[in-house]
Amino acid sequence: MTSKLSALQDWVDEVADHTQPNEIHWCNGSDAEFQQLVDEMTVSGTLSALNPETYPNCYLHLSDPSDVARVEHLTFVCTRKQEDAGPNNNWMDPAEARAKMDALFEGAMRGRTMYVIPYCMGPIDSPYARCGVEITDSPYVAVNMRLMTRMGSAALERIEREGKFVKGLHSTGDLDPERRFIMHFPDELSIMSVGSGYGGNALLGKKCHALRIASYQARNEGWLAEHMLIVGLESPNGSVHYLACAFPSACGKTNLAMLIPPHSMPGWKVWTLGDDIAWLHLDDSGRLRAINPESGYFGVVPGTNAKTNKNAFDMITHDTIFTNVARTADNEPWWEDKQTGEPAFDWQGREYDPQIGKAAHPNSRFTVAAKNNPSYSALADAPEGVPISAIVFGGRRARLAPLVYEAKNWQHGVMVGASVGSETTAAAIGEVGVVRRDPMAMKPFCGYNFADYWAHWMSFPDRTDKLPKIFHVNWFRQDQDGKFLWPGFGENLRVLRWIIDRCEGDIGAKETPIGFLPEDGGIDTAELDISDETMKELLRIDVERWRTENQHFGDYLDTFGDRVPEALRVEQQRLAQKLEKL
Ligand code: GTP
Ligand code: SPV
Ligand code: MN
């Protein structure tokens, strides 16, 4: 196959020339093609079929044990000027990065097939959608891209019509961590990734395109590309509110996006639009609207069970690719807290031995088409997206943040987002459980200087007076013994209901220095086994801790120097003064 778009055809020819693949396969996105790739990988051992009776069309992929998560220290944003990438990114001069990557790609696809994957991020006929082409030598990446994006002929047609696309070049390379890099060239709309076959490192439509490159474009064009789920909440009277929620990696987006209402909230319905990324635009009337650029989920497996996330649990019993989970003797996938079955083989294919470690890798994932989710919203395909009533930030904070609070206005909300901190998780290589600053849950994903990003957020009130309210939640507050105080999962809808009530102006709140908190009894705890003391603790503001936190946040802002927008400084200082007075 060839493309009539010379910019695409020339690039494919050039890459083939440089990387020397045996064959070139242009992906058309058909079911037949998907099956053919899966069958080939089953023969080569890249995939193994799981139990066809209980897990039909499910496959297991075990990655290299050194290649199990995103690698932030090997991820670079190569803007022309280092200041434009900011202290929040690793930076390399574009020419130097290019030369380094060209050397690593030379002959990298010898003996392999090169897949050319045209994809569209967002509904294919949406004015907000953007296209890209990923070239890869990994058939595992090709089938994952088929599930995660609108991939194939329709995307190619749009690309040929528009003439513009993001170029993503990927090779699994030799998986040597010394020769692993993920480079972004935002000025050229291009990405080069080598040496990893895993998740966000390799499925270039996801974090590389839809967040790092897109956030850079969004700033220049007046929109936002965010690490947010999108969920619709339908109350018993039939009104629906859409929320966009940003939590750091492995902090509950997938779970919240498809939660099942608790027994005590009959008549409520939850509609999933997206579980990881939202692109937000102001429409002609000044309302903020969201589309999900993805069409599938690459979700954390451990912890998924019939109680915590029944929608996901059911969804991943068929037509799912599992990566790095364990297996039972019956060849079913198994993971920690599945609450059924027993592991026989661990995520490295070894006989399971609890002495060696967990059966499934903590960052093991499922890849599945979004349409298989029982709570899938048909509006996920709406070209115009959905209007957003509230933006919600959150993170893992064992002691600090209360269960929920509301920002006083947009500018204060931007500070609430910018000051998100969270305990690190297994989604990225590195130490787990240490608090780090993760503004808007975008620390690993913002493709430019955070100071400019905050200024961009702060500019929205100049353009509209219809912005959504901003909130902060924390499902992860712990007691002295390290036990979570809040039951979480489906019960989180109780908190989201408070948020909706606040949006509709139906319910009062307590004003505090950090924002508006629920009044006593404001969060409905009917049928929940939770004491008044626990609710008090969940909503308690520990003034001393908040003072320290605010100071750390101020110090953090200092690392961005003069570029920090004045409006954000003002908010930080205003909070400092209010906390001082308490
Ligand atoms: P990424 O895909 O990495 O961006 O993660 P995510 O934000 O979508 O997180 P996900 O929903 O996959 O949850 C990650 C982990 O947190 C899983 O092990 C969940 O079981 C757990 N989790 C999710 N929601 C809750 C909650 O409300 N309370 C508690 N205690 N744990 C939760
Ligand atoms: C995350 O780490 O936030 C993920 C998984 O959603 S990955 O696709 O690897 O980025
Ligand atoms: Mn994510």
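Described below are features of the structure shown in this document. Quick caveat: nothing in here was measured; it's all calculated off a predicted structure. (Residues numbered from 1 in each chain as written. Chains lettered and ligands numbered in written order. Predicted model: local features only at pLDDT ≥ 70, side-chain atom pairs only at ≥ 80, totals over all residues. Heavy atoms only, no water.)

**Here's the deal with the coordination of the manganese ion (ligand 3)**
All of the protein donors around the manganese ion (ligand 3) are Lys207 (NZ), His227 (NE2) and Asp276 (OD); their distances to the metal are 2.2 to 2.5 Å. Classification of the site at the manganese ion (ligand 3) as irregular follows from its six donor atoms and the range of 66 to 175 degrees in their angles at the metal. (Donors = N, O, S within 2.8 Å, 3.2 Å for Na, K, Ca; no water. Tetrahedral: all angles 85-135°; square planar, octahedral: opposite > 155°, others 65-115°.)

**Topic: helix α8 (residues 205–221)**
Along its 17 residues, α8 runs just 20 Å from first to last C-alpha, ending more than 12% under the 24 Å computed at 1.5 Å per residue. Of all 17 residues in α8, 14 are buried, a share of seventy percent or more. Positive phi shows up at Gly222, right after α8, with a value of about 90 degrees. (Helix = DSSP H or I, 4+ residues; strand = E, 2+ residues; numbered from the N terminus. Expected span 1.5 Å × (residues − 1). Buried < 20%, exposed > 50% of the residue type's maximum accessible area, 1.4 Å probe, protein only.)

**A word on the sheet that holds strand β3 (residues 59–61)**
Here we have five strands laid out as an open sheet, ordered β2-β3-β18-β21-β17, and mixed in their pairing. Either end of the sheet is taken by a strand with one partner, and the two such strands are β2 (48–49) and β17 (296–300). The pairing of strand β18 (residues 321–323) with strand β21 (residues 365–369) spans three bridges and is antiparallel. Considered in β21, the bridge of Thr323 is made with Arg365. (Pairing = 2+ DSSP bridges.)

**Section: the site of ligand 1**
Neighbouring ligand 1 are 21 residues; Ala250, Lys253, Thr254, Asn255 and Arg365 lie closest to it. Asn492 is positioned such that a nitrogen or oxygen atom in its side chain is 3.0 Å from an oxygen atom of ligand 1. In the complex, the protein chains occlude 92% of the 670 Å² of accessible area that ligand 1 would expose alone. Here the element with the most residues in the shell around ligand 1 is helix α9 (residues 253–257); it accounts for three residues. The residue makeup of the shell around ligand 1, split by class, is nine nonpolar, eight polar and four charged. Per-domain counts for the shell around ligand 1 show at least three residues from each of domain 2 (296–372) and domain 3 (389–580). (Near = heavy atom within 4 Å. Polar contact = N/O pair within 3.5 Å; in protein donor to acceptor, adjacent residues only side chain to side chain. Areas by Shrake-Rupley, 256 points an atom, 1.4 Å probe, with all protein chains shown as cover. Nonpolar A, V, L, I, M, F, W, Y, C, P; charged D, E, K, R; others polar. Domains from an automatic or database assignment.)

**Examining the nonpolar core**
Note that soluble globular proteins tend to have their nonpolar side chains buried in a common cluster. Trp454, Trp457, Trp475, Trp486 and Ile499 are the most contacted members of the largest nonpolar core, which has 120 residues in total. Of all the elements, helix α5 (residues 139–148) adds the most residues to this core, at seven residues. For this core, the domains that each give at least three residues are domain 1 (6–46 + 74–222) and domain 3 (389–580). Counting residues in hydrophobic clusters, the runner-up holds 31 residues, among them Trp11, Cys78, Leu169 and Phe185. (Core = buried A, V, L, I, M, F, W, Y, C linked by side-chain atoms within 4.5 Å.)

**Points about the site of ligand 2**
Near ligand 2 the following residues occur: Arg70, Gly199, Gly200, Lys206, Lys207, His227, Ser249, Asp276, Phe298, Arg365, Ala427 and Phe445. Between His227 and ligand 2, the recorded distance is 3.3 Å, taken from a side-chain N or O atom to an oxygen atom. The protein chains hide 98% of the 290 Å² of surface that ligand 2 would expose on its own. In terms of residue class, the shell around ligand 2 is built from three nonpolar, four polar and five charged.

**Thoughts on unusual backbone geometry**
One non-glycine residue, Leu189, adopts positive backbone phi at about 50 degrees. Mapping Leu189 onto the fold places it in the loop between β9 (181–185) and β10 (190–194). Look at Leu189 and you get buried, because its relative accessible area is 14%. At Asp319, a position not held by glycine, the phi torsion is positive, near 50 degrees.

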